[in-house]
Amino acid sequence: MEITHVHAREVLDSRGNPTVEADITLSGQHHGRAISPSGASTGEKEATELRDADPKRYQGKGVQKAVSNVNNQMRRRLVGQLFDTQAQLDEALIALDGTPNKSALGANGILAVSIAFAKAQAAARQVPLYRQLADRSHYTLPVPCMNVINGGRHADNTVDFQEFMIAPHNADSFANAIRMGEEVFHTLKSLLKGKGYVTAVGDEGGFAPDLKANDEAVELILEAISQAGYRPGTDISLCLDPATSELYEAGTNGAPGLYRFFKSTKKTMTSQELNGLWESWVSQYPIVLLEDGMGENDWAGWHQHTAALGSKIELVGDDIFCTNPLILQQGIDQHIANSVLIKLNQIGTVTETLRTMELAYANNYGCFVSHRSGETEDTTIADLTVALNAGHLKTGSGCRSERVSKFNQLLRIEEELGSAGKFAGLKAFKNQ
Ligand SMILES: O=C(O)[C@@H](CO)OP(=O)(O)O
Ligand SMILES: [Mg+2]
């Protein structure tokens, strides 16, 4: 189909920072619109998010250059051309950029165009986006992993670890899983209030209290699950993303690196000690998934970590893989983790994201689809999760619209699919 219109503009994300929105029209009548999200605890090998240097606009965080690259180079290359498939479009964008990490044109602009094209194609074919991404007779509705306590770089509190999530898996539908999760979320609010903690929320919608210790977050969540009338581990389990790359300090002169608890005690731990902490938490608590339990530059630590826990729970690599098929392949070869976090803007096109997911599945790795801490009303990840039967996703929790919009899209998809959709349940998680 012929691309007849390409246009980008600067819009805002959930932190009030600018990001890129792109519009695409096919054959003068089929429209697609998409917005790129933005991370705070980013992996070093992510595709480049182009930000303007001008300190007078948005403290140097503007995206005018990325927008202009869409409205000039990309528009010139695309308008008037025929693209039949997503891969053809994305290959053209990758070639036009010409760098391995999309630093010339910016992955924020490229991704918005790539997703907008997928949506325009879906509109042209009159199918929902998930069906445009993968046409199947049956689809899986994911377990929503809801981030109910925020810490790390996502909140100004005393908690070092970034994300404490609940996974309501013992449900017969996505709608019931969301209801269970939200009931726990509200119970947790009362519990925190009762204990004198603030109930303000962090970037991803979870509460951000000043707790006395990191494990207090887990204890409080378990209490909230029980108080809400559910059984921890049987009905609702826990998932964690401590985002330990943010804690990691590389060693100098050949000394091993250390993890520093930068917000609470300022104490340090070796990889071995941190791995020991995870082993004890996994034996003590109903944890089914642990993301970035080791830092992106600590492959030796990751190796140990996978040997210790890789046959017990799901170990997800986020910063270490950056949704990049080449890096994931290295991880697979070295037996690192058993699952990969999927963030479209870490790699920059729909086609490369799908390639990473296919590589993961071919090697018996899981795919955990994810939002970014800077999000928008764009709900593409909801459709992506369903399209690829990923079985679980994380997209924050229940009180911020940029997170809830994904839940609402999944509720619509579940309704639309009827008996062609099935809730994933506990088996969505590796080793469960
Ligand atoms: O670390 C993560 O997994 C993400 C999303 O939760 O955070 P950010 O978008 O800040 O990288
Ligand atoms: Mg992460």
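Residues numbered from 1 in each chain as written. Chains lettered and ligands numbered in written order. Predicted model: local features only at pLDDT ≥ 70, side-chain atom pairs only at ≥ 80, totals over all residues. Heavy atoms only, no water.

Chemist: Whenever I open this one, the packing of helix H12 (residues 380-387) against helix H13 (residues 401-417) confuses me. Can you help?
Modeler: The description of two packed helices rests on the angle between their axes and on the distance between the axes. Where H12 meets H13, the closest approach of the two axes is 8 Å, and the angle between their N-to-C directions is 45°. On the basis of their axis angle, the class for H12 and H13 is oblique. The two elements H12 and H13 meet at a crossing, and its hand is right-handed. Taking contact as the criterion, the partners of Ile381, Ala382, Asp383 and Val386 in H12 are, on H13, Lys406, Gln409, Leu410, Ile413 and Leu417. (Axes fitted to C-alpha atoms, helices over the stretch in contact; angles between N-to-C directions. Helix = DSSP H or I, 4+ residues; strand = E, 2+ residues; numbered from the N terminus. Parallel < 35°, antiparallel > 145°, perpendicular 65-115°, else oblique. Left-handed = near helix turned anticlockwise from the far one by under 90°. Contact = heavy atoms within 4.5 Å.)

Chemist: How should I be thinking about helix H11 (residues 350-362) in this particular structure?
Modeler: Note that an α-helix has 3.6 residues per turn; residues three or four places apart therefore point the same way. Given a rise of 1.5 Å per residue, 13 residues ought to cover 18 Å, and the 18 Å separating the end C-alpha atoms of H11 matches this to within 8%. Among the residues making up H11, those that are buried are Val350, Thr351, Glu352, Thr353, Leu354, Thr356, Met357, Leu359 and Ala360. The positive-phi residue at the C-terminal boundary of H11 is Asn364, with phi of around 60°. (Expected span 1.5 Å × (residues − 1). Buried < 20%, exposed > 50% of the residue type's maximum accessible area, 1.4 Å probe, protein only.)

Chemist: Could you clarify how one ought to interpret H12 in this entry?
Modeler: Among the eight residues of H12, eight are classified as buried, and the element is accordingly described as predominantly covered. Three or more residues of H12 are buried, namely Thr380, Ile381, Ala382, Asp383, Leu384, Thr385, Val386 and Ala387. Looking one or two residues beyond H12, the residue adopting positive phi is Asn389, at roughly 50°.

Chemist: Honestly, the nonpolar core in this entry has me stumped. Any pointers?
Modeler: In summary, soluble globular proteins display a tendency toward joint burial of nonpolar side chains. In this structure, Phe164, Leu188, Trp278 and Trp281 are the most contacted members of the largest nonpolar core, which totals 129 residues. Among all residues touching Leu188, those that are not within four sequence positions of it are Val148, Ile149, Phe207, Leu220, Ile221 and Ala224. (Core = buried A, V, L, I, M, F, W, Y, C linked by side-chain atoms within 4.5 Å.)

Chemist: Would you mind going over the site of ligand 1 with me for this structure?
Modeler: Among the 17 residues in the neighbourhood of ligand 1, the closest are listed as Ala40, Glu163, Glu204, Ser373 and Lys394. Asp241 is positioned with one of its side-chain polar atoms (N or O) 3.1 Å from an oxygen atom of ligand 1. Within the contact set of ligand 1, an oxygen atom lies 3.2 Å away from a side-chain nitrogen or oxygen of Lys343. Protein chains bury 100% of the 310 Å² of accessible surface belonging to ligand 1 in isolation. (Near = heavy atom within 4 Å. Polar contact = N/O pair within 3.5 Å; in protein donor to acceptor, adjacent residues only side chain to side chain. Areas by Shrake-Rupley, 256 points an atom, 1.4 Å probe, with all protein chains shown as cover.)

Chemist: Looking at this structure, I do not really get the side chain of Glu46. What am I missing?
Modeler: Of note, Glu46 is situated in the loop between strand E3 (30-35) and helix H1 (64-78). Polar contacts involving the side chain of Glu46 include one to the main-chain amide nitrogen of Gly43, which spans 2.9 Å. Here the side chain of Glu46 touches Gln346 through a polar contact of 3.2 Å, side chain to side chain. Discounting residues that sit within four places of it in the chain, Glu46 has contacts with Cys322, Gln346 and Arg372.

Chemist: I tried to follow the pairing of strand E7 (residues 236-241) on my own but got confused; where do I start?
Modeler: Consecutive residues of a regular strand have side chains that alternate between opposite faces of the sheet. Of all six residues that make up E7, six are buried, and the element is covered over most of its length. By the alternation rule, side chains of E7 split into Ile236, Leu238 and Leu240 and Ser237, Cys239 and Asp241, which are all buried. Note: strand E6 (residues 163-168) against E7, six bridges, orientation antiparallel. Paired with Ile166 across the two strands is Leu238, which belongs to E7. Note: E7 against strand E11 (residues 287-291), three bridges, orientation parallel. (Pairing = 2+ DSSP bridges.)

Chemist: How should the environment of Ser280 be read in this particular structure?
Modeler: With respect to the element layout, Ser280 can be found in helix H7 (residues 271-284). With 101 residues separating them in the primary sequence, Ser280 and Arg179 have C-alpha atoms 30 Å apart. Polar contacts involving the side chain of Ser280 include one to the main-chain carbonyl oxygen of Leu277, which spans 3.1 Å.

Chemist: Can you help me understand the coordination of the magnesium ion (ligand 2) in this one?
Modeler: Reference geometry at the metal: tetrahedral coordination by four donors gives ideal angles of 109.5 degrees; octahedral coordination by six donors gives 90 or 180 degrees. Asp241 (OD), Glu291 (OE) and Asp318 (OD) make up the full set of protein donors to the magnesium ion (ligand 2), lying at 2.0 to 2.2 Å. Considered as a linear motif, the donors of the magnesium ion (ligand 2) on their single chain read D-x49-E-x26-D. Note that Asp241 is positioned in strand E7 and Asp318 in the loop between strand E12 (314-317) and helix H9 (325-333), a separation of 77 residues in sequence. For the pair shown, Asp241 and Asp318 are each scored as buried. (Donors = N, O, S within 2.8 Å, 3.2 Å for Na, K, Ca; no water.)

Chemist: In this structure, what is going on with the UniProt feature "binding site: (2R)-2-phosphoglycerate" (unreviewed entry) in the protein chain? I would like to understand it.
Modeler: The sites that carry the UniProt feature "binding site: (2R)-2-phosphoglycerate" (unreviewed entry) are, in the present numbering, Gln162, Lys343, Arg372, Ser373 and Lys394. Position of Ser373 among the secondary structure elements: in the loop between strand E14 (366-370) and H12. Its relative accessible area of 2% is what places Ser373 among the buried residues. When near neighbours in sequence (up to four residues on either side) are disregarded, Ser373 contacts Ser14, Arg15, Ser38, Gly39, Ala40, His154, Asp203, Glu204 and Arg403. For Ser373, the side chain forms a polar contact with the main-chain nitrogen of Ala40, separated by 3.2 Å. Tracing the sequence through the fold places Lys394 in strand E15 (residues 392-394). Among the residues examined, Lys394 registers a relative accessible area of 2% and is labelled buried. Not counting residues within four places of it along the chain, the set of residues in contact with Lys394 comprises Cys145, Glu163, Met165, Asp241, Glu291, Leu341, Phe368, Val369, Ser370, His371 and Ile381. A distance of 2.7 Å separates polar atoms of two side chains, one belonging to Lys394 and the other to Glu163. (UniProt positions renumbered as here; feature names shortened; annotations may be inferred.)

Chemist: Would you mind showing me how to read the UniProt feature "domain: Enolase N-terminal" (unreviewed entry) in the protein chain here?
Modeler: With numbering aligned to this structure, UniProt lists the feature "domain: Enolase N-terminal" (unreviewed entry) at residues 3-133. In residues 3-133, helix accounts for 39% and strand for 19%; the two terminal C-alpha atoms are 19 Å from one another.

Chemist: Honestly, the sheet that holds E7 in this entry has me stumped. Any pointers?
Modeler: What the eight strands build is a closed barrel, ordered E5-E6-E7-E11-E12-E13-E14-E15; its pairing is mixed. Put simply, the sheet's adjacent strands are angled 30° from each other on average, direction ignored. The pairing of E11 with E12 spans three bridges and is parallel. Among the inter-strand pairings, Glu291 is bridged to a residue of E12, identified as Val316. Sheet strands touched by helix H5 (residues 174-194): strand E5 (143-150), E6 and E7. Its angle to E5, the strand with the most contacts, is close to 10°.

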